[in-house]
Amino acid sequence: MNFIDLIFFNSIFNAGNFRKQKVERAEPPEQLKEKYDGFLTPTKFEHHNFVAMESFLRNMSMSYPSLTRLYSIGKSVENRDLWVLEISTAPGVHVPGVPEFKYVANMHGNEVVGKEMLLLLTKYLLERYGNDERVTHLVNGTRMHFLYSMNPDGYEKSQEGDRTGGLGRANAHNVDLNRNFPDQYGTDKFNKVTEPEVAAVMNWTLSIPFVLSANLHGGSLVANYPFDDNENDFNDPYSRLRDASISGRKLNPTEDNELFRHLALVYSRAHRTMHLGKPCALFQNELFADGITNGAQWYSVTGGMQDWNYVRAGCMELTIEMGCDKFPMAKELPQYWQDNREPLLQLIEQVHHGVHGFVRSSISTPVAGAAVALDGGNQTIYSGTFGDYFKLTLPGRHNVTVLADGYAPIRFEVEVPAVEPFGVRQDVTVMRDDPQHWASANDFRIIENVVNTRYHTNAEIRSRLAEFENQNGQIVSFGYADNEFSRHFNYLKLTSNIGEPEEHKYKLLVVSSLYDTIAPLGREIMLNLVRHLIEGHKLQDVSVVPLLERSVIYFLPQTEKFADVFSMYNANNTVCDPVLPDELAERILSPEAESSKDLLLQFVRSEHFDLMLTFSAGSSELSYPKGDSILERFAHSIQRTEFNYSPLQCSTSATRQLHRESTERVTSLFYKLYKIPMFTLGLSCCRMPAHQQIASVWRTNIEKIKNFLALVQTGISGLVQNEKGQPLREAFVRLLEHENTIYNVTRNEARFQLMLPKGLYGLEVSAPNYESQVIKTQVQHGILSDLGSIRLHGFTLIRGEITELNGHHQSGTQSTTSITGVVLDEGNHPIRNAKISVIHPAGLTHLRNFTNSLGQYYLRAVPVGAITLKVEAPRHFEVTRDLRLPQAGQPTENVVFHLKFNAHVFGLPRFLFIIVASVLIIVSVVICVLCAQFWFYRRHRGKMPYYNFSLLPQKGKEQFDLDEDAGDDGETELFRSPIKRGMTIQPYFDEEQLEHILHTDDEEDGELVMDMAPQEELDVADDSGDEIVMLHNHNNRRKH
């Protein structure tokens, strides 16, 4: 009997609206709901493999064509479809004003509960639509997308009953998909290559304006919210382990932390047991308050999907751990459904909470791509094709900022109600932006930067730079053909009071780009920046004047291959990314010598820059050296802007990926080799956008560039002197919280100046032969604090006396003195256990000593006059120095030696030594194995039993005198029987020759042969009846 009897279809395939269909049922819906656990038809709780799942979804789609659309977003590694079922009243179309929601399940193939819950939820929603007011309202006002299995290949390998195992967790490439997404903090081997399943999900997510999402997992019972990792977790493998206490991890909340906590609590409190926070049996230390947790505080997940959704796609996503067991038995699924049905529904309903509306122009045209931010936050969402936007937020009063390219920014206040419907509609009308108005407000009214922008040729660039120097000689200096470097790289130097000493100023380097194909755009932005700073100095702007007083800025436009790139652009200006081989960044990374590269690196090495800024394209990312918390905070301050113009994410390509990897390598090279933090700012998606788009690129990035330059405004400075007020030029400063961060003082004044973000710092100021001093200081934002003169006290060296005994008194008295000093490496770090000895005059080899833990040494009883000191230290090159000690009794102090690190081993470079040693070890092992085999063979060859087998002739009758009665069927032996040495076979019986032939193997080895008693006839018969007698052969006895 059918429980659903469809009486009338109102043109079901043409109506396009399921709500118009008339449905009559045999029983009242309420009775059916109670009868079938909320469903209207019998429901079987079972696990679905890929074939069963696909069949289920096709059946649902065919049964409800006006409410569903089944589509594939891509393929898995093993070519299985990633099926998504859409549920809405207009499937396949984004309805303006209707928010988009998604669930993703089975990301880990062996975590299957989420997949089965989504299949049940699909059946629940579709059956109850039109019979349940809540479900009907939800479907009418929400467009839902369910991805049931993101990892179908892994599911096929997993096994039912697997509680906590890992079989099937990864995809067919053995890659954990929840470690494979791009991460805001870095790249490692897990997310360097994007898996096909991850690429499909990213493209799908970016193609639809999703507002809210959840990723369904298993293995625990908790609602997890971003961020999933911390800024240093790529360098800390222990943070990725799930075996530490929850309280021991570092919390990393987003700026929407309260909203994320609210969303997580919605799911947890609706769940029967999740809100209790009870741990799973295998992880008793995991105590989740209220059943929710910040991901980074639980354990680090680098390359996770929920962080990528929030940071890159503007979609708020939770990770729901649905139970302690990853692949429970099918009989347990009804209880999982009872526990998770209500939380799944409530989370979807949250998509309607907050601010929503439409962004239109003054003539009611929809404005797509408008950035909408809340309360000055950096996390923005973007309006869709129809201008509709959805910004989730908690109840209360909020400031909403809307910014669209080509339109004037607008900010308004809105109040979100704390009662149903928990949302408010706010339509926004934006006015066309006047470039002159923007220039007046943000760019000192420099019209040339925003009107009629274009690419300038090399000659025009040089002309503009020379013009800047001619008109502003007090702050600008143009370097052109002054030396070999400026003949290859024209540069502009910008600072206040050109020609004055620059020891007290920071040195900044701005390079148009390290890629020849991006340099044309980068140098246009550089020209705009120079004009901006010069004009700001003329107007005595409060941000520009202190900047030029505290820093020297070098601008380096790339001109080498501009003609090639510009000709490609002129030939086809629709080409977004021109491609050239052998770009500057690639030449920098190459070990081969090349003139322009070598000159650039020599320039960078000699000038000792404090910061470096360069430009790239193909993304909106900011690249910088990873692993340093100070540079991480610098990067965040650079990106912290009032309006986020940058594109959310540019499309990927092989060339863009190659540039991204090369940028990371060059960044690491400059930081490790030259101690220069290099920041690379992504300007736009295209490397060479159209002429008129240069103004837009400048407007979207000016605030980030200004934030970079503003880094010099915050920090500390001071002088290091001795007790007499003399500069200690070999002093250095170390940050106590950052042991690897050491700053040397300047060469003349012994000045140090540190760019630091605001906060409390501890400084250790040290110098050879002086006591270190620790200073605590508070750094305020926008203030360069001067610590004044820091006086260090010299060490008090313990001096002994030498008393000569009368018996050893020499007739001549020799004048002596003492020598003290310190041994340091190239980074001014003390070298302990270095040996200092006097090698000239001869005969003073007893005058030697070793350095202590501070690198200090003391030599006494050194004869006055010319001497030669030799310093030796492990893994360093030895150094000698000639000294003249003029006066007896007057000690010579502060003799400093700097040793260079020796990377050689036994006179060979370390890498070559490793190769040679490896080869020698392998050869030695092979020779030893061969010798052992040869010895073993020689040792055991004599003990092996000797058997002589050979084929017998086929003339059986003649040899064995077979009976004629045997006939043709008589058998002959193919092999002789085993015979010991000295034995023969005779075909007859001879009593005179018969002897006892029982001998042991020991007789052959020289043991005593025992005569055995005479024995009766020994008959050996074969199958044919002939007798074979084995006789001893006296003539062939083996000699020992």
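Residues numbered from 1 in each chain as written. Predicted model: local features only at pLDDT ≥ 70, side-chain atom pairs only at ≥ 80, totals over all residues. Heavy atoms only, no water.

Structural notes on the overall build of the chain
A tally of helices and strands in the chain yields 25 helices and 43 strands. Classification of the 1040 residues of the chain by burial places 49% in the buried group. For the chain, contacts bridging at least 24 residues in sequence account for 72% of all contacts bridging at least 6. (Helix = DSSP H or I, 4+ residues; strand = E, 2+ residues; numbered from the N terminus. Buried < 20%, exposed > 50% of the residue type's maximum accessible area, 1.4 Å probe, protein only. Contact = heavy atoms within 4.5 Å.)

Re the sheet that holds strand β29 (residues 751-755)
One open sheet accounts for three strands, arranged β29-β26-β32; its pairing is mixed. Two strands in the sheet have a free side with no partner beyond their single neighbour: β29 and β32 (784-791). For this sheet the average axis-to-axis angle between neighbouring strands, irrespective of direction, equals 15 degrees. Where strand β26 (residues 715-721) lies against β29, five bridges are found, and the strand directions are antiparallel. When the bridges of β29 are listed, Ile716 appears paired with Leu754. (Pairing = 2+ DSSP bridges. Axes fitted to C-alpha atoms, helices over the stretch in contact; angles between N-to-C directions.)

Examining the pairing of β29
Extensive coverage of β29 is indicated by the burial of five of its five residues. Neither face of β29 is open: one carries Arg751, Gln753 and Met755, the other Phe752 and Leu754, and all of them are buried.

Here's the deal with the packing of helix α15 (residues 519-538) against helix α22 (residues 694-709)
Interaxial distance between α15 and α22 falls to 10 Å at its minimum, and their mutual angle equals 60 degrees. Viewed along their axes, α15 and α22 adopt a mutual orientation that is oblique. Between α15 and α22 lies a crossing of right-handed hand. Contacts between α15 and α22 involve Leu521, Glu524, Ile525, Asn528, Leu529, His532 and Leu533 from the first element and Ile694, Val697, Trp698, Ile702, Ile705, Lys706 and Leu709 from the second. Each residue belonging to the contact of α15 with α22 can be placed in one class, and the counts come to 10 nonpolar, two polar and two charged. (Parallel < 35°, antiparallel > 145°, perpendicular 65-115°, else oblique. Left-handed = near helix turned anticlockwise from the far one by under 90°. Nonpolar A, V, L, I, M, F, W, Y, C, P; charged D, E, K, R; others polar.)

Considerations on the environment of Ala264
For Ala264, the location among the structural elements is in helix α8 (residues 257-270). Considering only alpha carbons, one finds Ala264 and Val222, 42 residues apart in sequence, at a separation of 8.7 Å. Ignoring any residue separated from it by four or fewer positions in sequence, one finds Ala264 in contact with Ala223, Tyr225, Ile292 and Leu318.

A short note on the pattern of salt bridges
What the rule picks out here adds up to 42 salt bridges. Across the pair Glu54 and Arg58 runs a salt bridge whose closest N-O atoms are separated by 3.6 Å. Within this pair, Glu54 and its partner Arg58 are both found in helix α3 (residues 50-63), separated by four residues, close to a single helical turn. Classification of Glu54 as buried rests on a relative accessible area of 18%. If you follow the salt bridges from partner to partner, you end up with Arg69, Glu86, Glu100 and Arg143 in one network. (Salt bridge = Lys/Arg side-chain N within 4 Å of Asp/Glu carboxyl O.)

Considering the sheet that holds strand β22 (residues 551-556)
Sheet strands line up and pair through hydrogen bonds in the backbone, either parallel or antiparallel. The seven strands are arranged β19-β20-β22-β21-β23-β25-β24 in an open sheet whose pairing can be described as mixed. The sheet terminates laterally at β19 (476-479) and β24 (622-623), the two strands that pair on one side only. The pairing of β24 with strand β25 (residues 678-682) spans two bridges and is classified as antiparallel. By the bridge assignment for β25, Ser623 is matched with Thr680. Of the strands in this sheet, β19 and β20 (491-494) touch helix α13 (residues 458-471), which is tilted by about 145 degrees from β19.

Focus: unusual backbone geometry
Excluding glycine, residues mostly carry a negative phi; peptide bonds, for their part, are mostly trans. With an omega of 0 degrees, the peptide bond running from Pro226 to Phe227 counts as cis. Mapped onto the elements, Phe227 comes out in the loop between β8 (220-225) and α8. At the junction of His840 and Pro841, the peptide bond is cis and its omega measures out at 5 degrees in the coordinates. Among the structural elements, Pro841 can be located in the loop between β34 (835-840) and β35 (848-850). At Asn79, a residue that is not glycine, the phi angle is positive and equals roughly 70 degrees. Structurally, Asn79 can be placed in the loop between β3 (68-75) and β4 (81-87). The backbone of Asn106 sits at a positive phi, close to 55 degrees, despite the residue not being glycine.

Overview of the environment of Gln346
Considering the arrangement of structural elements, one finds Gln346 in helix α11 (residues 333-349). Once residues within four sequence positions are removed from consideration, Gln346 is found in contact with Arg134, Val266 and Ala270.

Some points on the confidence of the model for the chain
Overall, the prediction assigns the chain a mean pLDDT of 82, with 82% of residues at 70 or greater. Below a pLDDT of 50 lies the segment residues 996-1040, which in the model reaches 70 contacts outside its immediate sequence neighbourhood of four places, other chains included. (pLDDT = per-residue confidence, 0-100.)

A few points about the state of the cysteines
Per the counting criterion, the structure on display carries two disulfides. Disulfide pairing places Cys280 opposite Cys324 at an S-S distance of 2.0 Å. Here the S-S torsion is close to -85 degrees, and the disulfide linking Cys280 with Cys324 is therefore left-handed. Taken together, the residues Cys280 in the loop between α8 and β9 (292-294) and Cys324 in the loop between β10 (316-323) and α11 connect sequence positions 44 residues apart. Its relative accessible area of 4% is what places Cys280 among the buried residues. Bridging Cys576 to Cys686, the disulfide has an S-S length of 1.9 Å. As the torsion about the S-S bond is roughly -115 degrees, the Cys576-Cys686 disulfide counts as left-handed. Here the residue Cys576 occupies a position in the loop between α17 (562-571) and α18 (584-589), and Cys686 occupies one in the loop between β25 and α22, the gap between them amounting to 110 residues. The cysteine Cys931 is free of any disulfide, with Cys928 supplying the nearest cysteine sulfur at 6.6 Å. (Disulfide = S-S within 2.5 Å.)

A word on the packing of aromatic side chains
The full count for this structure, using the stated rule, is 29 aromatic pairs. Measuring from ring centre to ring centre gives 6.2 Å for Phe566 and Tyr569, while their planes differ by 15 degrees; the resulting arrangement is stacked. Of this pair, Phe566 and Tyr569 both sit in helix α17, separated by three residues, roughly a single helical turn. An aromatic cluster is present here, built from Phe485, Phe489, Tyr491, Tyr554, Phe603 and Phe609 joined pairwise through their rings. Across from the ring centre of Phe210, 5.6 Å away, lies the NZ or CZ of Lys102, which sits over that ring. We note Lys626 situated over the ring of Tyr624; from NZ or CZ to the ring centre the distance is 4.1 Å. (Phe/Tyr/Trp six-rings, centres within 6.5 Å; stacked < 30°, edge-to-face > 60°. Lys NZ or Arg CZ within 6 Å of the ring centre and 35° of its normal.)

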